[in-house]
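Residue strings, one per chain:
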Amino acid sequence: MTHDPHFDILFDPLKIGPVITKNRFYQVPHCTGMGWQRPNMLAEMRSMKAEGGWGVVNTEYCSIHPSSDDLPHSYTSLWDQSDVRAHRMMTDKLHKHGALAGVELWYSGANASSLYTREAPLDVNSRPNLKGLPYQSRKMDKQDFRDLRQWFRDAALRAKDAGFDIVYAYANHHYLLNNFQRSDTNDRDDEYGGSVQNRSRLLREIIEVLKDAVGETMAVAVRFSPDDDKMKNNKPAVEETREFFLQVAELPDMWDITPASWDIELGTSRFVNEGDNEPYISYVKQITSKPVVTVGRFTSTDTMVNQIKRGIVDMIGAARPSIADPFLPKKIEEGRYEDIRECIGCNICYTGDQLGVPIRCTQNPTMGEEWRRGWHPEYVPEKKSESSILVIGAGPAGLEAAHALGKRGYKVMLSEARNELGGRVAQESRLPSLSEWMRVKDYREQQFLKLPNVEVYLDSHLSAEDALLTEVDHIVIATGAKWRADGFGRNNAIGIGNLGASEQIFTPDDIMVGRLPQGKVIVFDDDYYYMAPVIAEMLQKAGCQVTFVSTSNMACSFGSYTSEQPSAQKALINAGVQMIFSQNIQAYDGENIELSCMYTERASMLKADAIVMVTARLPIDELYYQLQDLIENGKAGSTQSIRRIGDCEAPALIASAVYAGRKYALELDDSSGTNYLVRRDVNFSS
Ligand code: ADP
Ligand code: SF4
């Protein structure tokens, strides 16, 4: 198969300074929670992108000196020869697949407080740590500027030694070079502050250092934000940055452009759509003659072509689409558009970096498991027996198990009680702003069409006896979970005792099937993620007077790890939802709610016609226990094993359910999967 000729432009080579990329698919630097601590995992994961056809594959932000240390957020480093050896493992793999390897040299400044190395970070001035920690940076003096230039030079030379083809200066996102650039952070009165010429001096010097050190053989890139990080007349303000950009536009070999706000660049699909950053970046190519790349969570091939043809960018930058589908370029090249696993914009990938653990992805359960488990995003090991498997429940766990088992060649029956596939993703995607969740179902449903050995039965609610009548060898139960109505949750470990009439208590399951409350509604959040804010906003817009009551001190606190917390809280404020934080519910008599302060236990009262409980979920596991009993009593016929996976085992993220489905499928008839527990990654010592 081949692609539509309309897409040819995506496969045109492009010269970037002294190097040439074979196509326009550019995996921009993105964090992975691996960094210098987990070099084998990192190398194997990036290698998949190269194998999947990306022309350029970058590693994440790479520290040039121990005084730029961001732990517990994992970053790579080029401090010494051990780093060179670690990176070399990755660049060799990238080159084998014909990709260019890029590295983003990073000096943090006040953004990182060097918790691991305990070295004072340098910055424009002595500024409090931007993540809220009680540390300040040191104001740079003349020697510091000399040192900084030397650190960039040394790191660039090591990057060359490590086999990289592109070297970056990271000049946005409130890191050092950006802090010098901005008039609202640079208050210096020496040659590095004040006028735009002065504020651009450091970036110009660093580009010059990189060019001088490695520019003959390596391309020099700059990651840059083209806007002032403010809005003016409902449009991004760009005046100040544009003036700055005019100073530097022709200096590097290419520009990697991202809006200044993480909320736009890395917005979840709840708040930001594919290509929404165009108004921020559209002027850049009018000023520079150098190649430009930008991200935009692009998954539509037409949008990609359109971006290049309209002169917005030269290359299609991707972080998340390359995580959800490392083989995106190959699939487009081969015209296999229906096989593309589209990113759903949930930002679970970002939580790895934020929590200091290896990356994971909702759509791609192999992400992060390439080295320690040997999982591949496209290929699965062939079946090792003629076993047949019954999968009960077609939510993300059941869908992924059936899909991967089917690809392995096993005979699979997938039984679903409802008349549609998708389980929770089908239900949740009907709520406002969550429609992209459906892509989890769409991709897998599309794959079933190619798998004659997978039989799908809808409207098929199975009992234990029904399941055994199928006479399969293995049964896997993926029956999911339901939201609890009794208040049980992280702060009410035995539920809320006194809750009045049940018709005034609602759960997200009620809302998702259209049973809605009216009047004064309390959305009680003890869950801390997107469900309570989505429902509160929806009910307020539907005419209820909603009060959001949370045991937390903010809305959507888990969203701090997915980058959506500020947007979630802003959306509630804009919708007119009242918010009460750090309060628990003690009782409800159908009219009055008794609240208690999480800090002082002081009581207060609130009037309410209904409560929507968003607290915890209860596994639907009766079937599992019934079948287990039958097996233990020798009444299971030919069935050899019963397993439960996904929310039925332990309610968690959609990503966890997809992962559980893949794990079950790959470990069937194969015990090697369990060995990962002893396969721990290590950094080399010097
Ligand atoms: P997960 O996230 O673990 O995949 P979901 O809640 O999304 O779980 O999906 C569970 C699916 O299982 C739902 O679509 C539900 O209709 C289905 N289901 C529950 N019990 C049965 C049963 N006894 N027979 C068939 N399907 C079932
Ligand atoms: Fe996209 Fe979510 Fe996967 Fe990240 S975790 S790549 S946002 S699907």
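This text follows the structure it describes.
So, here's what we can say about the structure.

The rules we used
Residues numbered from 1 in each chain as written. Chains lettered and ligands numbered in written order. Predicted model: local features only at pLDDT ≥ 70, side-chain atom pairs only at ≥ 80, totals over all residues. Heavy atoms only, no water. Disulfide = S-S within 2.5 Å. Near = heavy atom within 4 Å. Helix = DSSP H or I, 4+ residues; strand = E, 2+ residues; numbered from the N terminus. Nonpolar A, V, L, I, M, F, W, Y, C, P; charged D, E, K, R; others polar. Patch = residues over 30% accessible without salt bridge, like charges linked within 9 Å, V, L, I, M, F, W, Y side chains within 5 Å. Areas by Shrake-Rupley, 256 points an atom, 1.4 Å probe, with all protein chains shown as cover. Salt bridge = Lys/Arg side-chain N within 4 Å of Asp/Glu carboxyl O. Core = buried A, V, L, I, M, F, W, Y, C linked by side-chain atoms within 4.5 Å. Buried < 20%, exposed > 50% of the residue type's maximum accessible area, 1.4 Å probe, protein only. Contact = heavy atoms within 4.5 Å. Phe/Tyr/Trp six-rings, centres within 6.5 Å; stacked < 30°, edge-to-face > 60°. Lys NZ or Arg CZ within 6 Å of the ring centre and 35° of its normal. Polar contact = N/O pair within 3.5 Å; in protein donor to acceptor, adjacent residues only side chain to side chain. Axes fitted to C-alpha atoms, helices over the stretch in contact; angles between N-to-C directions. Parallel < 35°, antiparallel > 145°, perpendicular 65-115°, else oblique. Left-handed = near helix turned anticlockwise from the far one by under 90°.

## Description of the state of the cysteines
All told, the structure shown has 0 disulfides when counted by the stated rule. For the unlinked cysteine Cys-31, the closest cysteine sulfur is that of Cys-349, found at 7.8 Å.

## Let's talk about the site of ligand 2
Taken together, the residues surrounding ligand 2 are Arg-320, Ile-323, Ala-324, Cys-343, Ile-344, Gly-345, Cys-346, Asn-347, Ile-348, Cys-349, Cys-361 and Thr-362. It is helix 12 (residues 320–324) that provides the largest number of residues to the shell around ligand 2, a total of 3 residues. Residue composition of the shell around ligand 2, grouped by class: 8 nonpolar, 3 polar and 1 charged.

## What about a nonpolar patch on the surface?
A cluster of nonpolar side chains, Leu-115, Leu-133 and Tyr-135, forms an exposed patch at the surface whose accessible area comes to about 250 Å². Positionally, Tyr-135 belongs in the loop between strand 7 (122–123) and strand 8 (138–139).

## Looking at the nonpolar core
Within the largest apolar cluster, 74 residues are counted, with the highest numbers of intra-cluster contacts made by Leu-10, Leu-105, Leu-148, Phe-152, Leu-202, Leu-203 and Ile-332. It is helix 6 (residues 201–214) that contributes the most residues to this core, 8 residues altogether. When near neighbours in sequence (up to four residues on either side) are disregarded, Leu-10 contacts Asn-23, Arg-24, Phe-25, Thr-301, Met-304, Val-305, Ile-308, Ile-316 and Ile-332. Judged by nonpolar contacts, the second largest core, of 38 residues, contains Leu-431, Met-512, Tyr-529 and Val-658.

## Quick notes on the packing of aromatic side chains
According to the stated counting rule, one finds 27 aromatic pairs in the structure shown. A centroid spacing of 5.7 Å and a plane angle of 70° characterise the contact between Phe-145 and Phe-180, whose relative ring orientation is edge-to-face. With Phe-145 in helix 3 (residues 142–161) and Phe-180 in helix 4 (residues 176–181), the pair connects residues that are 35 residues apart, well separated along the chain. On the basis of relative accessibility, which here comes to 3%, the residue Phe-145 falls in the buried class. Taking relative accessible area as the criterion, Phe-180 reaches 0% and is therefore assigned buried. Clustering of aromatic rings is evident, with ring pairs tying together Tyr-61, Tyr-75, Trp-79, Trp-106, Tyr-170 and Tyr-175. For Arg-515, the ring lying beneath its charged end belongs to Phe-506, and the centroid distance is 4.1 Å. Cation over ring: Arg-679 sits above Trp-371, and NZ or CZ is 4.0 Å from the ring centre.

## Considering the environment of Tyr-379
The topology assignment puts Tyr-379 in the loop between helix 14 (348–355) and strand 16 (388–392). Residues Tyr-379 and Met-1 lie 378 residues apart in sequence; the distance between their C-alpha atoms is 19 Å. Dropping the residues within four chain positions of it, Tyr-379 is found in contact with Glu-51 and Phe-327.

## Overview of the side chain of Thr-32
Considering the arrangement of structural elements, one finds Thr-32 in the loop between strand 3 (25–27) and helix 1 (39–51). The class for Thr-32 is buried, based on a relative accessible area of 0%. In terms of polar contacts, Thr-32 uses its side chain to reach the side chain of Glu-60, at 2.5 Å. Beyond its immediate stretch of four places on either side in the chain, Thr-32 contacts Leu-42, Met-45, Arg-46, Glu-60, Val-357, Pro-358 and Ile-359.

## Some points on the packing of helix 20 (residues 531–541) against helix 22 (residues 565–575)
For the pair helix 20 and helix 22, the least separation of the axes is 10 Å and the interaxial angle reads 15°. Regarding the angle of helix 20 to helix 22, the classification is roughly parallel. Between helix 20 and helix 22 lies a crossing of left-handed hand. For the pair helix 20 and helix 22, contact is made by Pro-533, Ala-536, Glu-537, Gln-540 and Lys-541 and by Ala-571, Leu-572 and Ala-575, respectively. Residues of the contact of helix 20 with helix 22, tallied by class, amount to 5 nonpolar, 1 polar and 2 charged.

## A word on the site of ligand 1
Around ligand 1, the structure places 23 residues, and the nearest of them are Ala-397, Glu-416, Ala-417, Arg-424 and Asp-647. One nitrogen or oxygen atom from the main chain of Arg-424 is found 2.7 Å from an oxygen atom belonging to ligand 1. Relative to its unbound accessible surface of 580 Å², ligand 1 loses 93% to contact with the protein. Counted by class, the shell around ligand 1 contains 10 nonpolar, 9 polar and 4 charged residues.

## Overview of the packing of helix 1 against helix 2 (residues 81–96)
Interhelical geometry of helix 1 versus helix 2 gives an angle of 15° and a closest axis separation of 8 Å. One way to sum up the angle between helix 1 and helix 2 is to call them roughly parallel. Once helix 1 is placed against helix 2, the crossing between them reads as right-handed. Residues Pro-39, Asn-40, Ala-43, Glu-44, Arg-46, Ser-47 and Ala-50 of helix 1 form the contact with helix 2, whose own contacting residues are Ala-86, Met-89, Met-90, Lys-93 and Leu-94. Residues belonging to the contact of helix 1 with helix 2 are distributed by class as follows: 7 nonpolar, 2 polar and 3 charged.

## Comments concerning the side chain of Thr-59
Considering the arrangement of structural elements, one finds Thr-59 in strand 4 (residues 56–63). The class of Thr-59 is buried, set by a relative accessible area of 0%. At 3.0 Å, the side chain of Thr-59 forms a polar contact with the side chain of Glu-60. Thr-59 has contacts with Pro-29, His-30, Leu-42, Arg-46, Thr-76, His-87, Met-90, Gly-102, Val-103 and Phe-164, leaving out every residue within four places of it along the chain.

That's the geometry; what it means functionally is another story.
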